[in-house]
Protein chains: 2
Amino acid sequence: MPREVRERQMLDAAVAAFARQGYQAASMDDIAEAAGVSKPLVYLYLKSKEDLFMACVRREVGALVAAVRQGTRERGLPADQQLWNGLTAFFTHTAARPDGVAVLYRARTQGEPFAREVAAMRVEVVTIVTTLLGQAAQDAGCDGELAEREVSGLAHALVGAAESLAEWANSRTGEHIEAPSAKETAATLMNFCWAGLENLMKGARWVPGVAPAPHGR
Amino acid sequence: MPREVRERQMLDAAVAAFARQGYQAASMDDIAEAAGVSKPLVYLYLKSKEDLFMACVRREVGALVAAVRQGTRERGLPADQQLWNGLTAFFTHTAARPDGVAVLYRARTQGEPFAREVAAMRVEVVTIVTTLLGQAAQDAGCDGELAEREVSGLAHALVGAAESLAEWANSRTGEHIEAPSAKETAATLMNFCWAGLENLMKGARWVPGVAPAPHGR
């Protein structure tokens, strides 16, 4: 079996173990067994538990950023559609890879050097969202009114809201209530940040792919 | 000097040290010196570095939750006014106590048992916001339409956005740009979540204390 396949198997097993048990509690024995390889091979390939965890963190950071980039790659769409695409891509990713997201959460709460990787990812995602909102403001002809500082603040608000919702949606798996789907979670956030709570309370929701805006403005 | 005064001095010094240097790097010698007491006295009162850090975390958790409760205590207001009061209280607190907020952030990324305290605080704040949004939905007569699950999702989005914005606002202190004021940050979040990005892009902002809603709906 080629090294890259074996390494992927090890990372898959490690991501599952770290996500479910945490960095301290996950054992290299269990990871090797779940990956179907010997423990010395894990050490040969990934060097140490710390390096293995870092490899997991980096893989999951890369996958999440790639999903967001992929979701927002289509240019020339109306701002709400582009935001909707980005959010759908993000929540589809977080719903499909709950262990991967849990590893990022563990990394953030595990101290350095892992927290730094997650912080860098966050900067990257905030930059994507800032560009998107800046473009939307420009399209709407209000790029002067909406100061750069405010766009940056809005991007941080959006990323924080999305992170928090992803964690919330994933935490509901295993409860007796069905977890919300990725589209449902993305719609909740669109209603929150695009239509706004004021419209939502009036029953004027944001609905994807309908133009003009279906809440009557 | 009474014990509680001395203990408060120690906690003040410890919060500043942990916030700026992190849990590992902060030294008990420096904390004792900054508090104007001997190191044995710090150990006598607070037992260990871990206990001292935990005391800091608990104090800052308590202060933050109290600020949010205080800000949202007035009942019978229109929903946007109540949300505005809560957000203003939150950002006034986080702007006034940047070291306290930084300690909570450090605690969240420091692993157990500290991360658990911050998680419990988050549950408490989410509960306050869920109640507030549920009440707003009821006032607007849409408590049936807005399912309980969605209100919970919206509350998580709001808390995540607020956390992220507080961190962003505080991280700008010391840059060559002036940090946004608490009211400015609260207004950014109100525009984001109440008016919604769609209205904001049209220049239809949410403005505090004006009725009917100033963006013409």
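About the cut-offs
- The numbering scheme is per chain: residues are counted from 1 as the chain's sequence reads.
- As they are written, the chains are lettered A onward and the ligands numbered 1 onward, keeping that order.
- pLDDT decides what is reported in this predicted model: residues at 70 or higher carry local features, side-chain atom pairs at 80 or more are listed and counted, and totals for whole chains, interfaces and linings draw on all residues regardless.
- With hydrogens and water stripped out, all remaining heavy atoms of the structure feed into the side-chain values.
- In this description a helix means any DSSP run of H or I spanning at least four residues, a strand means any run of E spanning at least two, and both kinds are numbered starting from the N terminus.
- We call a residue buried when its accessible area falls under 20% of the maximum for its residue type, exposed when it is over 50%, and partly exposed in between, using a 1.4 Å probe and counting protein chains only.
- With residues, only the protein chains shown are counted as cover, and all accessible areas are computed by Shrake-Rupley using a 1.4 Å probe.
- Asp and Glu are treated as the negative residues and Lys and Arg as the positive ones, with His and the ends of the chain left uncounted.
- In this description, the location of a charge corresponds to atom NZ of lysine, CZ of arginine, CG of aspartate or CD of glutamate.
- In this analysis, rings of Phe, Tyr and Trp, with Trp reduced to its six-membered ring, are considered paired at centre separations within 6.5 Å, and the interplanar angle assigns stacked below 30 degrees, edge-to-face beyond 60, and tilted for intermediate values.
- Here, a charge over a ring means that NZ of Lys or CZ of Arg falls within 6 Å of the ring centre while also lying within 35 degrees of the ring normal.
- Least-squares fitting of one copy onto the other uses the C-alpha atoms of those residues that reach a pLDDT of at least 70 in both copies.
- The criterion used for residue contact is that any of the two residues' heavy atoms lie within 4.5 Å.
- What makes a nonpolar core is a set of buried Ala, Val, Leu, Ile, Met, Phe, Trp, Tyr and Cys residues whose side-chain atoms join them at distances within 4.5 Å.
- When two components associate, each loses some accessible surface as probed by a 1.4 Å sphere; the sum of these losses over both components is called the buried area.
- Any carboxyl oxygen of Asp or Glu that lies within 4 Å of a side-chain nitrogen of Lys or Arg is treated as forming a salt bridge with it.
- Under this definition, polar contacts are N or O atom pairs within 3.5 Å; protein pairs additionally need one hydrogen-donor-capable and one acceptor-capable atom, and for neighbouring residues in sequence, both atoms have to be side-chain atoms.
- UniProt positions are given in the numbering used here, feature names are shortened, and annotations may be inferred rather than shown by experiment.
- Here an axis means a line fitted to C-alpha atoms, over the contact stretch when the element is a helix, while the angle between two N-to-C directions is reported on a 0 to 180 degree scale.
- When describing relative orientation, an angle under 35 degrees is termed roughly parallel and one over 145 degrees roughly antiparallel, while 65 to 115 degrees is termed roughly perpendicular and anything else oblique.
- Each crossing is labelled by how the near helix is turned from the far one, with a counterclockwise turn of less than a right angle marking it left-handed and a clockwise turn marking it right-handed.
- Here the nonpolar group is Ala, Val, Leu, Ile, Met, Phe, Trp, Tyr, Cys and Pro; Asp, Glu, Lys and Arg are the charged ones; every other residue, Gly included, is treated as polar.
- The arc in question is formed by the directions pointing from the helix axis toward the C-beta atoms.

- Going by an unreviewed UniProt entry, chain A carries the name TetR/AcrR family transcriptional regulator and comes from Streptomyces smyrnaeus.

1. Observations concerning the overall build of chain A
Part 1 of the reasoning: Across its full length, chain A carries 10 helices and 0 strands.
Part 2 of the reasoning: Each helix and strand of chain A, placed in order from N terminus to C terminus, yields the pattern α-α-α-α-α-α-α-α-α-α.
Part 3 of the reasoning: If one aligns the C-alpha atoms of chain A with their principal axes, the spans along those axes are about 65 × 40 × 30 Å.
Part 4 of the reasoning: Expressed as a percentage of its 217 residues, the buried residues of chain A come to 52%.
Part 5 of the reasoning: With the model as given, the accessible surface of chain A reaches about 9800 Å², and the carbon-plus-sulfur share is 53%.
Part 6 of the reasoning: Mean positive and mean negative side-chain charge positions of chain A (23 and 26 charges, respectively) differ by 3 Å.

2. Overview of the packing of aromatic side chains
Residues and elements named next belong to chain A.
Part 1 of the reasoning: Summed over the entire model, instances satisfying the criterion amount to 13 aromatic pairs over all chains.
Part 2 of the reasoning: Measuring from ring centre to ring centre gives 4.8 Å for Phe 18 and Phe 53, while their planes differ by 70°; the resulting arrangement is edge-to-face. Of this pair, Phe 18 sits in helix 1 (residues 3-25) while Phe 53 is found in helix 4 (residues 49-71), placing the two residues 35 residues apart along the sequence.
Part 3 of the reasoning: Chaining the aromatic ring pairs together yields one cluster made of Phe 18, Tyr 23, Phe 53 and Phe 114.
Part 4 of the reasoning: In this structure, Arg 3 packs its charged tip against the face of Tyr 45, placed 4.2 Å from the ring centre.

3. Here's the deal with the relation of the copies chain B and chain A
Part 1 of the reasoning: Placing chain B over chain A gives an RMSD of 0.0 Å and needs a rotation angle of 180°, together with 0.0 Å of translation along the axis. The transformation just described matches what one would write down for a two-fold rotation axis.
Part 2 of the reasoning: Most of the interface of chain B is mirrored in chain A, where 100% of its interface residues are also at the interface.

4. Describing the nonpolar core
Part 1 of the reasoning: Judged by nonpolar contacts, the single largest core of 144 residues is most densely connected at A:Phe192 and B:Phe192.
Part 2 of the reasoning: Residues contacting A:Phe192, with those up to four places away along its chain left out, are A:Ala161, A:Leu197, B:Leu154, B:Ala157, B:Leu158, B:Phe192 and B:Cys193.

5. Some points on the interface of chain B and chain A
Interfaces are often sized by the accessible area lost when the parts come together.
Part 1 of the reasoning: The interface is formed by 51 residues belonging to chain B together with 51 residues belonging to chain A.
Part 2 of the reasoning: For the chain B face of the interface with chain A, the top three residues by lost area are B:Arg149, B:Glu198 and B:Met201, together amounting to 18%.
Part 3 of the reasoning: Our count for the chain B to chain A interface comes out at 0 salt bridges.
Part 4 of the reasoning: The interface formed by chain B and chain A contains 6 residue pairs in polar contact (both at pLDDT 80 or more).
Part 5 of the reasoning: Listed by contribution, the elements that provide at least two residues to the side of chain B that touches chain A are helix 7 (114-139), helix 8 (148-171), helix 9 (182-195) and helix 10 (197-201) of chain B.

6. Things to note about the UniProt feature "domain: HTH tetR-type" (unreviewed entry) in chain A
Part 1 of the reasoning: When the UniProt feature table is mapped onto this chain, "domain: HTH tetR-type" (unreviewed entry) is found at residues 4-64 of chain A.
Part 2 of the reasoning: A distance of 20 Å separates the end C-alpha atoms of residues 4-64 of chain A, which is 89% helix and 0% strand.

7. Description of the packing of helix 1 (residues 3-25) of chain B against helix 6 (residues 98-108) of chain B
Two measures define how a pair of helices packs: the angle their axes make with one another and the distance between the axes.
All names here are of chain B.
Part 1 of the reasoning: In the contact formed by helix 1 and helix 6, the axes pass within 8 Å of each other and the chain directions differ by 60°. The angle between helix 1 and helix 6 places the two elements in the oblique class. The crossing of helix 1 and helix 6 is left-handed. Contacts from Val 15, Ala 16, Phe 18, Ala 19, Arg 20, Gln 21 and Gly 22 in helix 1 reach Asp 99, Gly 100, Ala 102, Val 103 and Arg 106 in helix 6.
Part 2 of the reasoning: The residue makeup of the contact of helix 1 with helix 6, split by class, is 6 nonpolar, 3 polar and 3 charged.

8. Topic: the pattern of salt bridges
Residues and elements named next belong to chain B.
Part 1 of the reasoning: In the structure shown here, the tally under the stated rule is 22 salt bridges over all chains.
Part 2 of the reasoning: Glu 117 is the partner of Arg 58 in a salt bridge, and the nearest nitrogen-oxygen pair spans 3.1 Å. Taken together, the residues span a long stretch of sequence, with Arg 58 in helix 4 (residues 49-71) and Glu 117 in helix 7 at a distance of 59 residues.

9. Regarding the UniProt feature "DNA-binding region" (unreviewed entry) in chain A
Part 1 of the reasoning: Mapped onto this numbering, the UniProt entry annotates "DNA-binding region" (unreviewed entry) at residues 27-46 of chain A.
Part 2 of the reasoning: The span residues 27-46 of chain A is 80% helix and 0% strand, and its two end C-alpha atoms sit 14 Å from each other.

10. Side note on helix 2 (residues 28-35) of chain B
Residues and elements named next belong to chain B.
Part 1 of the reasoning: Residues of helix 2 that are buried include every one of Met 28, Ile 31, Ala 32 and Ala 35, and no others. Buried residues of helix 2 fall within an arc of 95° about the axis and therefore sit on the same side. Opposite its buried face, helix 2 presents the exposed residues Glu 33 and Ala 34, each directed more than 90 degrees away.
Part 2 of the reasoning: As for helix 2, its buried residues are in contact with helix 1, helix 3 (39-46) and helix 4.
Part 3 of the reasoning: Directly after helix 2, the chain includes Gly 36, whose backbone phi takes a positive value near 70°.

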